Amino acid sequence: MIHSSASGAPRRCLPLLLALLLLLSACGPSNPPAETGAPARSDAPVTTQAPGRTDPCTLPATDAPATETPGTTAPEPLEDESWKLLLVNASHPLPEDFSVTLKPLRNGHQVDERIYPELQQMFDDARAQGIYPFINESFRSAQRQQEILDKYIANYRATGLSQAEAEAKALELVALPGTSEHQLGLALDLIAEFDADSTATWNWLKENCWRYGFILRYPGDKTAITGITNEPWHFRYVGKEAAKEITEQGLCLEEYLEQKEHS
Ligand SMILES: [Zn+2]
């Protein structure tokens, strides 16, 4: 009854309306992929944690990898696994012919595309346990590394140090371009989302990151070997097998590689 009076006049418009509805529904699938097939488990924490915030620089939780089966994306022959253990430090600069295929994340961050599924899984599992990691640094180009170094040098110069003194001080904290793991696309500096205290996040990651192929790269008790001071935020992908062995044996990457070489 309620509808009869209202539907009288516009009845002639019905076919038009139906056509319009069909057209609208046909447009549906062309929406951004982020809105289709979004895994609810990843989405919920991001939106419920702080609705007013802008894009929280986490992995694009709505991207497809959560639904992928690990290992089905890029099965690699064993001889190609060496990329996971590539050592980059002050005495082992990046190979000149080094190149990496990057996977863009939110807020402009990028990582080696091969580590993306496990990184996504680590973030999903952390969130499920009330831990919300935030990517503060990821892949850096040599140019970006130089910019960071220059900024530190300028800051030290501003305190009255000479150029040589400022450079020496800056290099204590920032790696020379070509010697930073961040140039591999396998290293991440992780903190807690939303300015929260990062301690719980670091503890969770330290405890669990090996399950996803990551290690805490610069522990405080390995500074003499790594040459880098304690960095509780810096995690490096080495693959699940190495990450498990390194963690179980309490080694740093340099020690592990040396042990591997002599075994
Ligand atoms: Zn770092």
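Note that the coordinates shown come from a computational prediction; the quantities given were computed from them, not determined experimentally. Within any chain, residue numbers begin from 1 and follow the written order of that chain's sequence. With the structure being a predicted model, the display of local features is reserved for residues of pLDDT at least 70 and the display and counting of side-chain atom pairs for 80 or more, all residues being used for whole-chain, interface and lining totals. Side-chain descriptors were evaluated using all non-hydrogen atoms of the structure, hydrogens and water having been removed beforehand.

**Q** Sorry if this is basic, but what is going on with the coordination of the zinc ion here?
**A** By definition of the ideal shapes, four donors in a tetrahedron about a metal sit 109.5 degrees apart, and six donors in an octahedron sit 90 or 180 degrees apart. Donor atoms: N, O and S within 2.8 Å of the metal, or within 3.2 Å for Na, K and Ca. Because water is excluded, sites can look incomplete. For the zinc ion, the protein coordination sphere consists of H182 (NE2), D189 (OD), D189 (OD) and H234 (ND1), at 2.0 to 2.7 Å. In this scheme the shape depends on donor count and angles: four donors with every angle between 85 and 135 degrees give tetrahedral, four or six donors with opposite pairs above 155 degrees and others between 65 and 115 give square planar or octahedral in turn, and any other case is irregular. The site at the zinc ion holds four donor atoms, and with the angles between them running 52 to 152°, its shape is irregular. Written as a sequence motif, the donor arrangement for the zinc ion is H-x6-D-x44-H. In this pair, H182 is assigned in the loop between α6 (163–173) and β4 (187–192) and H234 in strand β6 (residues 231–237), connecting sequence segments 52 residues apart. Taking relative accessible area as the criterion, H182 reaches 4% and is therefore assigned buried. Helix and strand labels come from DSSP, where a helix needs a run of H or I of at least four residues and a strand needs a run of E of at least two; each type is numbered from the N terminus. Relative accessibility under 20% of the residue-type maximum defines a buried residue, over 50% an exposed one, and the middle range a partly exposed one, all with a 1.4 Å probe and only protein chains included.

**Q** It is not clear to me how the packing of aromatic side chains should be interpreted in this structure. Could you clarify?
**A** How two aromatic rings sit relative to each other is given by the distance of their centres and the angle of their planes. Pairing of aromatic rings covers Phe, Tyr and Trp, the last counted by its six-membered ring, and requires centre-to-centre distances within 6.5 Å; plane angles under 30 degrees mean stacked, over 60 mean edge-to-face, and any other angle means tilted. According to the stated counting rule, one finds four aromatic pairs in the structure shown. A centroid spacing of 6.1 Å and a plane angle of 50° characterise the contact between W202 and W233, whose relative ring orientation is tilted. With a gap of 31 residues between them, W202 in helix α7 (residues 199–208) and W233 in strand β6 connect regions that are remote in the sequence. Take W233: its relative accessible area is 30%, and that puts it in the partly exposed class. Judged by centre distance (5.2 Å) and plane angle (75°), the ring pair of F214 and Y237 falls under edge-to-face.

**Q** Looking at this structure, I do not really get the nonpolar core. What am I missing?
**A** Nonpolar side chains in soluble globular proteins generally cluster together in the buried interior. Within this scheme, the nonpolar core is defined by two criteria: the residues are buried Ala, Val, Leu, Ile, Met, Phe, Trp, Tyr or Cys, and they are joined through side-chain atoms within 4.5 Å. The biggest cluster of nonpolar side chains holds 25 residues, and the ones touching the most others in it are M122, L190 and F214. Listing elements by their share of this core, those giving two or more residues are α4 (116–128), β4, α7, β5 (214–218) and β6. Among the elements that make up this core, the one with the highest residue count is α4 (five residues). Here, two residues are considered to be in contact whenever any of their heavy atoms come within 4.5 Å of each other. With residues near it in sequence (within four places) discarded, L190 still touches M122, F123, F134, I135, W202, L205, W233 and F235. Core analysis: the next-biggest nonpolar cluster, separate from the first, contains 11 residues, L85, A243, I246 and L251 among them.

**Q** Is there a simple way to think about the packing of helix α5 (residues 142–158) against α6 in this case?
**A** Helix packing geometry: the angle between the two helix axes and the distance between the axes. Packing of α5 against α6 leaves a shortest axis separation of 8 Å and a crossing angle of 130°. It follows from the interaxial angle that α5 and α6 lie oblique. As α5 packs across α6, the resulting crossing turns out to be right-handed. Facing L149, Y152, I153, Y156 and R157 of α5, the residues of α6 in contact are Q163, A166, E167, K169, A170, L171 and L173. Across the contact of α5 with α6, the residue classes tally to eight nonpolar, one polar and three charged. In this analysis an axis means a line fitted to C-alpha atoms, helices contributing only their contacting stretch, and an angle means the value between N-to-C directions, from 0 to 180 degrees. Convention used here: angles under 35 degrees read as roughly parallel, angles over 145 as roughly antiparallel, angles from 65 to 115 as roughly perpendicular, and any remaining angle as oblique. With the far helix as reference, a near helix turned anticlockwise by less than a right angle produces a left-handed crossing, and one turned clockwise produces a right-handed crossing. Residues are grouped as follows: nonpolar covers Ala, Val, Leu, Ile, Met, Phe, Trp, Tyr, Cys and Pro; charged covers Asp, Glu, Lys and Arg; every other residue, Gly included, is treated as polar.

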